[in-house]
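Now for the letters of each chain:
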Amino acid sequence: MSDIDGRAVAKQIRAEVAAAAAKLRADGTVPTLAVVVPTDDEGTAWYVRSIKKAAEKEGVDCRVEQLTAPGRAEIIAKLEALSADPEVHGIICQTPLPEGVTLAEVGWYISPFKDVDGANQESLGRLAQGRRTFAPATAAAVLELLKHEDLTLAGARAVVVGRSTVVGKPAALLLLNESATVTVCHSRTKDLATVCREADVLVAAVGRAEMIGADFVKPGATVIDVGTNPTDDGGLVGDVDYAAVAPVAGRLTPVPGGVGPVTTALLLRHTVEAAELSLTHP
Ligand SMILES: Nc1nc(=O)c2c([nH]1)NC[C@@H]1CN(c3ccc(C(=O)N[C@@H](CCC(=O)O)C(=O)O)cc3)C=[N+]21
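Residues numbered from 1 in each chain as written. Predicted model: local features only at pLDDT ≥ 70, side-chain atom pairs only at ≥ 80, totals over all residues.

A. Spatial organisation of the nonpolar core. Formed by 86 residues in total, the largest nonpolar core has its most connected members in Ile-91, Val-142, Val-160, Val-161, Ala-171, Leu-202 and Val-203. Of all the elements, helix α10 (residues 259-280) adds the most residues to this core, at nine residues. Lining this core are residues from two domains, each supplying at least three of them: domain 1 (28-114) and domain 2 (137-259). Contact partners of Ala-171, with chain neighbours within four places excluded, come to Ala-139, Val-142, Val-160, Val-203 and Ala-205. (Core = buried A, V, L, I, M, F, W, Y, C linked by C-beta atoms within 7 Å. Buried ≥ 20, exposed ≤ 12 C-beta atoms within 10 Å, placed from the backbone. Helix = DSSP H or I, 4+ residues; strand = E, 2+ residues; numbered from the N terminus. Domains from an automatic or database assignment. Contact = placed C-beta atoms within 7 Å.)

B. Up close: the environment of Arg-132. As for its placement among the helices and strands, Arg-132 is situated in the loop between α5 (121-129) and α6 (137-147). Each C-alpha atom, one on Arg-132 and one on Leu-202, is 25 Å from the other, the two residues being 70 residues apart in sequence.

C. Spotlight on the site of the ligand. Residues in contact with the ligand amount to 20 residues; listed here are only the nearest, Tyr-47, Gln-94, Thr-95, Pro-256 and Gly-260. Looking at the shell around the ligand, the elements that each hand over two or more residues are α2 (42-58), β4 (90-93), α6 and α10. A breakdown of the residues in the shell around the ligand according to their chemical character gives eight nonpolar, 11 polar and one charged. Summarising the domain contributions, the shell around the ligand has at least three residues from each of domain 1 (28-114) and domain 2 (137-259). (Near = placed C-beta within 6 Å. Nonpolar A, V, L, I, M, F, W, Y, C, P; charged D, E, K, R; others polar.)

D. Just the UniProt feature "domain: Tetrahydrofolate dehydrogenase/cyclohydrolase catalytic" (unreviewed entry) in the protein chain, in detail. The feature "domain: Tetrahydrofolate dehydrogenase/cyclohydrolase catalytic" (unreviewed entry), as annotated in UniProt, sits at residues 4-117 in this numbering. Across residues 4-117 one finds 49% helix and 14% strand; the C-alpha atoms that close the span lie 23 Å apart. (UniProt positions renumbered as here; feature names shortened; annotations may be inferred.)

E. Fine view of the sheet that holds strand β2 (residues 32-37). Judged by pairing direction, the sheet is parallel, and its three strands sit side by side in the order β3-β2-β4 without closing on themselves. Strand pairing shows two members of the sheet lacking a second neighbour, β3 (61-66) and β4, which therefore form its edges. For this sheet the average axis-to-axis angle between neighbouring strands, irrespective of direction, equals 15°. By the bridge criterion, six bridges tie β2 to β3 in an arrangement that is parallel. Its bridge partner lying in β3, Val-35 is registered against Val-64. (Pairing = 2+ DSSP bridges. Axes fitted to C-alpha atoms, helices over the stretch in contact; angles between N-to-C directions.)

And the structure:
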């Protein structure tokens with residue numbers, strides 16, 4: 001088994017981002033990402049700090065908009081204002097949202113031109129249509145990691161475990177757009193391990209620590225672990241039982257150091273793309 005090195009892939013993407021950002025700046029456009037943070041959730045706070053640090057290192061301005069106990073109307077007003085602000089090119093609204101508010105309903109107020117984390121239903125619809133769009137950064141990271149490997153997605157058996165709107169569904173659509181044969185599994189799937197064992201490419205996006213064991217994996221399969229589950233001792237584990245699966249899989253992403261760093265890098269890539277788009281579609 002060989003590890004898939006997410007940090008190396010992220011480094012390469014970030015170098016491309018830095019070059020694109022420098023070019024935009026030389027032409028008088030400062031690529032700018034706005035991060036709307038509607039709760040004080042611990043995991044989100046970590047991600048926001050890491051976005052800000054990465055953005056500033058690569059020449060992308062990052063505006064963090066921390067809201068305090070906002071209602072739906074306040075979040076929507078903020079997203080509308082940022083959508084109308086010509087100096088902002090990319091917008092991400094962090095999850096989790098306050099009780100009773102969903103990303104699906106507030107995502108509508110993020111301009112599709114600035115929707116760098118694919119939260120607007122127009123973005124998801126375009127993905128379903130196989131048209132150019134911003135996919136959610138985490139789902140895009142799954143495909144980016146696969147594309148860096150020497151494997152053929154067309155005709156491959158892909159199984160996605162998890163059907164969330166932010167990861168499972170868009171990852172399945174991206175794989176389908178690459179002509180993989182895609183199965184989406186979830187909590188009601190019968191004989192989950194048997195279905196997963198058919199996969200040439202297995203994507204674990206359930207949010208349950210180490211639930212994918214060796215019996216879920218076909219020998220030699222490529223396994224992408226999207227899970228980032230905090231452990232009691234302050235560490236992080238994936239949805240895949242790494243120690244058990246490593247001897248069976250052909251290739252496997254570690255946690256940390258797999259999907260996570262690529263997610264952050266792609267959010268920045270989407271932001272410079274949105275900035276470039278703003279020049280031709282002001
Ligand atoms: N609208 C929205 N989109 C998101 O994509 C989103 C979100 N809300 N809310 C919060 C979660 C969390 N998330 C992570 C991204 C990268 C790492 C990451 O890079 N983790 C490092 C390690 C972290 C560590 O060592 O603690 C790694 O995997 O190597 C983690 C978590 C995106 N999220």
